[in-house]
2 protein chains.
Amino acid sequence: MPARLDPVSAKRVAVLKALGHPSRLLITEALMDGELCVQEIRDLVGDDVSTVSKHLSILRAAGVLASEKRGLNVFYTLACDCFGEFLKCVDQVCPVPSALRAAGRKCC
Amino acid sequence: MPARLDPVSAKRVAVLKALGHPSRLLITEALMDGELCVQEIRDLVGDDVSTVSKHLSILRAAGVLASEKRGLNVFYTLACDCFGEFLKCVDQVCPVPSALRAAGRKCC
DNA sequence: TGGTTACTTGGCAAAACAACCAAGCAGAGG
DNA sequence: CCTCTGCTTGGTTGTTTTGCCAAGTAACCA
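Cut-offs applied
- Residues numbered from 1 in each chain as written.
- Chains lettered and ligands numbered in written order.
- Predicted model: local features only at pLDDT ≥ 70, side-chain atom pairs only at ≥ 80, totals over all residues.
- Heavy atoms only, no water.
- Helix = DSSP H or I, 4+ residues; strand = E, 2+ residues; numbered from the N terminus.
- Buried < 20%, exposed > 50% of the residue type's maximum accessible area, 1.4 Å probe, protein only.
- Polar contact = N/O pair within 3.5 Å; in protein donor to acceptor, adjacent residues only side chain to side chain.
- Contact = heavy atoms within 4.5 Å.
- Pairing = 2+ DSSP bridges.
- pLDDT = per-residue confidence, 0-100.
- Disulfide = S-S within 2.5 Å.
- Near = heavy atom within 4 Å.
- Arc of directions from axis to C-beta.
- Expected span 1.5 Å × (residues − 1).
- Least-squares fit on C-alpha atoms with pLDDT ≥ 70 in both.

In this structure, S9 of chain B sits in helix 1 (residues 7–19). Judged by its relative accessible area of 2%, S9 of chain B falls in the buried class. In terms of polar contacts, S9 of chain B uses its side chain to reach the side chain of E29 of chain A, at 3.1 Å. At 2.9 Å, the side chain of S9 of chain B and the side chain of D6 of chain B are in polar contact. In this structure S9 of chain B touches L25 and E29 of chain A, once residues within four positions along its chain are discounted.

In structure tokens:
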């Protein structure tokens, strides 16, 4: 990575990298339906608890998730309500044939 | 990756992973100002041409970029006009203190 | 206090990724 | 035809990531 990255882009990379993993995206998508504790997330993705915990750390460090400890459990939630909108944006970054774009059709 | 991913999420992961690299994000951001050929991109990121070419392959495979050969040059462009909107969405997936969210303030 | 549950952290081996060099390939122009 | 430029592909090496096990920490309960 020779080129220096400005802080804004660096934060973007952190978020994108955090979400660019099958298990981590799955976790984040699941949290759109509400908070989950680590065990529930473990059942969802099927990995070892330690692996899940590390995934969650990465997502929290990137600012995607927030966590709250209640009793013995740690509950994870989306840090931002706009994640659904974000996913729509991801889906719109799509391979539209340039012919369509040249014809003035927008993909979003 | 034990849990099977549905095709939609798999595509999302590909896009997010492709953009979750400093050079690749830099390239994509630069293309918002218009098409660039490989040499120009090489000057931008400062990597070896072969490295740049591989980055571009990844971005094209993910559907983020499109390429067109004209003469000796290969020009790369954004596959979708909505990339600026996408970046806004990325920036909005932010670490807002839960206190703010609890108070009903939306981050986006 | 000791035990149990829930989670995190450290450490390690396997896998994936990144970046370089070298070689190959395709057009353009002698 | 040859050569040169622009880009891609193959190969190698070094780094990063991933995922498991084991050990450690924290909160609850008896």
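For the rest of this paragraph, the subject is the pairing of strand 3 (residues 73–78) of chain B. Residues and elements named next belong to chain B. Strand direction decides the pairing type here: strand 1 (residues 36–37) and strand 3, joined by two bridges, are antiparallel. If you follow L36 over to strand 3, its bridge partner there is Y76. Here strand 2 (residues 65–70) runs beside strand 3; their pairing, made up of six bridges, is antiparallel. Each bridged residue has a counterpart across the sheet, and for K69 the counterpart in strand 3 is V74.

Counting all residues, the mean pLDDT for chain A is 88, and 82% of those residues have values of 70 or more. A low-confidence stretch, residues 96–101 of chain A stays under pLDDT 50, and its non-local contacts, those more than four residues away or across chains, total eight contacts.

Throughout the structure, instances matching the rule amount to one disulfide over all chains. Covalently, C89 of chain A is tied to C89 of chain B through a disulfide, its sulfur atoms 2.5 Å apart. On the criterion of chain membership, the pair formed by C89 of chain A in helix 5 (residues 83–92) and C89 of chain B in helix 5 (residues 83–92) is interchain, its members lying in two chains. Of the two residues, C89 of chain A and C89 of chain B, neither departs from the other in class, the shared state being buried.

Taken together, 24 residues lie near DNA strand D, and T51 of chain A together with Q39, S53, K54 and Y76 of chain B sit nearest. Within 4 Å of the protein, the atoms of DNA strand D are drawn from sugar and phosphate moieties in a proportion of 64%. Between S50 of chain A and DNA strand D, the recorded distance is 3.0 Å, taken from a side-chain N or O atom to a base nitrogen. Contacts to DNA strand D include K54 of chain B, whose side-chain N or O atom sits 2.5 Å from a base oxygen. Counting residues per element, the ones that place at least two in the surface near DNA strand D are helix 4 (49–61) of chain A together with helix 3 (38–45), helix 4 (49–61) and strand 3 of chain B.

With that settled, the discussion passes to helix 3 (residues 38–45) of chain A. Residues and elements named next belong to chain A. All buried positions along helix 3 are accounted for by V38, I41 and V45. Projected onto a plane normal to the axis of helix 3, the buried residues spread over an arc of 60 degrees and lie on a single side. Among the exposed residues of helix 3, those pointing more than 90 degrees away from its buried face are Q39 and D43. Among the structural elements, helix 2 (22–30), strand 1 (36–37), helix 4 and strand 3 (73–78) are those in contact with the buried residues of helix 3. Immediately beyond the C-terminal end of helix 3, within one or two residues, lies G46, with a positive phi of roughly 85 degrees.

Every α-helix winds through 3.6 residues per turn, so residues three or four apart in the chain are directed the same way. Relative to the 18 Å expected for 13 residues at 1.5 Å per residue, helix 1 of chain B spans 19 Å between its end C-alpha atoms, a close match to the ideal helical length. Regarding helix 1 of chain B, the residues found buried are S9, R12, V13, V15, L16, A18 and L19 of chain B. On the buried face of helix 1 of chain B, the contacting elements are helix 1 (7–19), helix 2 and helix 5 of chain A together with helix 2 (22–30), helix 4 and helix 5 of chain B.

Here we come to the relation of the copies chain A and chain B. Structural alignment of chain A on chain B gives an RMSD of 0.1 Å, achieved by rotating through 180 degrees and translating 0.0 Å along the axis. Given the turn and translation reported, the copies of this chain are related as if by a two-fold rotation axis. Scanning chain A for the C-alpha nearest the rotation axis identifies L16 of chain A, at a separation of 2.6 Å. Comparing contact sets, 100% of the residues at the interface of chain A also lie at the interface in chain B, consistent with an isologous, same-surface contact.

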